[in-house]
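Chain residues, written in single-letter form:
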Amino acid sequence: MGQKDPRIDVYIRKAAPFAQPILKHLREIIHVGCPSVEETIKWQFPHFDYKGVICGVAAFQSHCAFGFWKAELILGDNRKGEEAMGQFGRIESLVDLPDDKTLIAYVRKAAALNEAGVKKPRAEPRAKPPLVLPRDFATALRQSAKAQRHFKSFTPSKKREYVEWITEAKREATRQKRVETAVAWISQGKIRNWKHV
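A. Expanded view of the overall build of the protein chain. From N to C terminus, the protein chain includes eight helices and four strands. Listed by position from the N terminus, the elements making up the protein chain come as α-α-β-β-β-β-α-α-α-α-α-α. Its C-alpha atoms give the protein chain a radius of gyration of 26 Å, more than 25% over the compact-globule value 16 Å for 197 residues. Summarising the internal contacts of the protein chain: among those between residues at least 6 apart in sequence, 58% fall at separations of at least 24. As displayed, the protein chain offers around 12300 Å² of accessible surface, 53% of which is attributable to carbon and sulfur atoms.

B. Structural context of the packing of aromatic side chains. Scanning the model with the defined rule gives twelve aromatic pairs in all. For the ring pair phenylalanine 66 and phenylalanine 88, a centre distance of 5.2 Å and an interplane angle of 20° mean the geometry is stacked. In this pair, phenylalanine 66 sits in strand β4 (residues 64-68) while phenylalanine 88 sits in the loop between α3 (71-75) and α4 (100-115), placing the two residues 22 residues apart along the sequence. Judged by its relative accessible area of 5%, phenylalanine 88 falls in the buried class. With 5.7 Å between their ring centres and 10° between their planes, tryptophan 165 and tryptophan 185 make a pair best called stacked. A residue pair is termed long-range when its members are at least 10 positions apart, and tryptophan 165 in helix α7 (residues 156-167) and tryptophan 185 in helix α8 (residues 172-187) qualify at 20 residues. Across the pair, tryptophan 185 and tryptophan 165 agree in class, each one buried.

C. View of the pattern of salt bridges. Tallied over the entire structure, the rule returns seven salt bridges. Lysine 42 serves as the salt-bridge partner of aspartate 49, at 2.8 Å between the closest nitrogen and oxygen. Linked by salt bridges that have partners in common, Asp9, Arg27 and Glu39 make up one network.

D. Local environment of the pairing of strand β2 (residues 45-49). Across the five residues of β2, four count as buried, placing the element largely inside the fold. When strand β1 (residues 38-42) meets β2, the two strands line up antiparallel, connected through five bridges. Across the sheet, glutamate 38 pairs through a bridge with aspartate 49, a residue of β2. What sits between the antiparallel neighbours β1 and β2 is a turn of two residues, in which tryptophan 43 has the positive phi angle 55°. Hairpin connection between β2 and strand β3 (residues 53-59): a loop of three residues separates the two successive antiparallel strands, and lysine 51 in this loop has a positive phi of roughly 55°.

Reading guide: rules and limits
Residues numbered from 1 in each chain as written. Predicted model: local features only at pLDDT ≥ 70, side-chain atom pairs only at ≥ 80, totals over all residues. Heavy atoms only, no water. Helix = DSSP H or I, 4+ residues; strand = E, 2+ residues; numbered from the N terminus. Rg over C-alpha atoms; globule rule 2.2 N^0.38 Å. Contact = heavy atoms within 4.5 Å. Areas by Shrake-Rupley, 256 points an atom, 1.4 Å probe, with all protein chains shown as cover. Phe/Tyr/Trp six-rings, centres within 6.5 Å; stacked < 30°, edge-to-face > 60°. Buried < 20%, exposed > 50% of the residue type's maximum accessible area, 1.4 Å probe, protein only. Salt bridge = Lys/Arg side-chain N within 4 Å of Asp/Glu carboxyl O. Pairing = 2+ DSSP bridges.

Have a look at this one:
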C-alpha cells in the first residue's frame, strides 16, 4: 500500500485557495493510478515515487503545475508548450486537466516504466557552433608563436572559454585589456580559469 507524507498535507493547506482542490485531485488520481506510490518532498515540491520518481506537482501564485519524470515516454507529443513547469501548461482549475481516466492511464504507464527499470531518456547534447576567433584576438595570437602553439593544444572548451571572456566585454578598453591578458596567460600555457584549478 502507498505511503502518504504529512508534509504534502501541509503543502496543500498552505497553497492558494484555487490550488488546493487541484492538488488534492491530482494526489487522489496518482494514488488510484499507482496504489503503491510513496509521497515525498523533493526540490521543495510534492513528488510521487514508485521504484523511482513518477511525477510531481507544484502550486504557484496563480497556477499549478503537474509533470511526469519520463514525460516523453508517457505523453509523447500530447504535451502543452513551454508555458509552465510540467507538461500540462498552466493549471488554473480542474478543467485545465485531462479527464480522470486519461490521467490514471498516464500514472499507470509511469509506474510500469519504473517497474520495468526503464531510464529517463537523455537529452541530445546541442551541437555548439564552430568556434570563431575575434579578429583582434586572432591577430594578437599570431604575434606570439608561444601563445599560438599553446592555444592550438587547448581543448575546444578551453579555447571557447577565452573567446567568450573576450567577447563578453562591454567596453572596448576592457576587451583590449582582456586580449592582452589572454595572450600573456596563453603564452605561459595557462587556461582561462587557471587561478581556480
